[in-house]
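As a plain string of letters, each chain reads:
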Amino acid sequence: MAVSGVLAAAGMPSLVSFNDKTVVTAQSERLMSALRLARREAMSRGEQVSVCAMDPDGAESGEPKCLARGKNWSAGWIVFVDHGDRGDVDDVDRVVSVQQAPAQTGVVGTSRFVTYRPTGVLLSAMGHFRVVPPGRQTLDEDQPGAALVCLNKTGRPRIASEPRCN
């Protein structure tokens, strides 16, 4: 029994690391999927489409709304046709998709929203999102196990293999 206890304790860190990697990868893929959806919708509709960080209070009330300030995307994100104030879901906007993030991961972006032009190109400069494992500091650039989702000016998302987007 003592031997099995030692073996279980030795394998625990690798199991936690594997679980963290699985959660971070899944969350990164969900975010990239939403960004691709927004780009595709902008091109097919011929209208501006935005993706914004979701306000946690709006998620709980059932009325999805964008984060008013800050860059924390950990509550999830909203994809919407953006007719009104850019980066905010207004009465004139059409919500395309709402994705609530699992509570265990952290996601921080370079801004609180991104907007795609009808051509599929970003209206703003390039950006990135850092997805970190459960319980970790989201602002640390060299966070072990974190993933970096990079967004280039053409609006295409990718996962960076380095700690910074190049």
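Note: the structure precedes this text.
Residues numbered from 1 in each chain as written. Predicted model: local features only at pLDDT ≥ 70, side-chain atom pairs only at ≥ 80, totals over all residues. Heavy atoms only, no water.

Caption draft 1: Molecular detail of the sheet that holds strand β2 (residues 76-81). One open sheet holds the four strands; their spatial order is β3-β2-β1-β5, and the pairing between them is antiparallel. Strands at the two margins of the open sheet, each flanked by one partner only, are β3 (94-100) and β5 (113-116). Across the sheet, the mean angle separating the axes of adjacent strands is 15° when strand polarity is ignored. Bridge analysis of β2 against β3 gives six bridges, and the strand direction is antiparallel. From the neighbouring strand, Ile-78 faces β3, where its bridge partner is Val-98. (Pairing = 2+ DSSP bridges. Helix = DSSP H or I, 4+ residues; strand = E, 2+ residues; numbered from the N terminus. Axes fitted to C-alpha atoms, helices over the stretch in contact; angles between N-to-C directions.)

Caption draft 2: Molecular detail of the pattern of salt bridges. Enumeration according to the criterion identifies two salt bridges in this entry. A salt bridge links Glu-41 to Arg-45, with the shortest nitrogen-to-oxygen separation between them at 2.5 Å. Of this pair, Glu-41 and Arg-45 both sit in helix α1 (residues 2-45), four residues apart, roughly one helical turn. Looking at Glu-41, the relative accessible area reads 16%, which means it is buried. By relative accessible area, which is 32% here, Arg-45 ends up partly exposed. With its nearest N and O atoms 3.2 Å apart, the salt bridge here joins Asp-88 to Arg-112. Of the two residues, Asp-88 sits in the loop between β2 and β3 while Arg-112 sits in the loop between β4 (106-109) and β5, which places them 24 residues apart along the sequence. Owing to a relative accessible area of 24%, Asp-88 belongs among the partly exposed residues under this scheme. Accessibility expressed as a relative area gives 16% for Arg-112, which makes it buried. (Salt bridge = Lys/Arg side-chain N within 4 Å of Asp/Glu carboxyl O. Buried < 20%, exposed > 50% of the residue type's maximum accessible area, 1.4 Å probe, protein only.)

Caption draft 3: The nonpolar core, seen in detail. Membership of the largest hydrophobic core comes to 25 residues, with the highest contact counts inside it found for Leu-31, Leu-35, Val-51, Trp-73, Val-114, Tyr-116 and Phe-129. The set of elements that each furnish at least two residues to this core consists of α1, β1 (49-53), β2, β5, β6 (127-132) and β7 (147-151). Element by element, the count of residues in this core is highest for α1, at eight residues. Among residues more than four places away in sequence, those in contact with Tyr-116 are Leu-35, Ala-38, Arg-39, Ala-42, Glu-47, Gln-48, Val-49, Val-121, Leu-122, Leu-151 and Gly-155. Counting six residues, the second largest nonpolar core, distinct from the first, contains Cys-52, Met-54, Ile-78 and Phe-113. (Core = buried A, V, L, I, M, F, W, Y, C linked by side-chain atoms within 4.5 Å. Contact = heavy atoms within 4.5 Å.)

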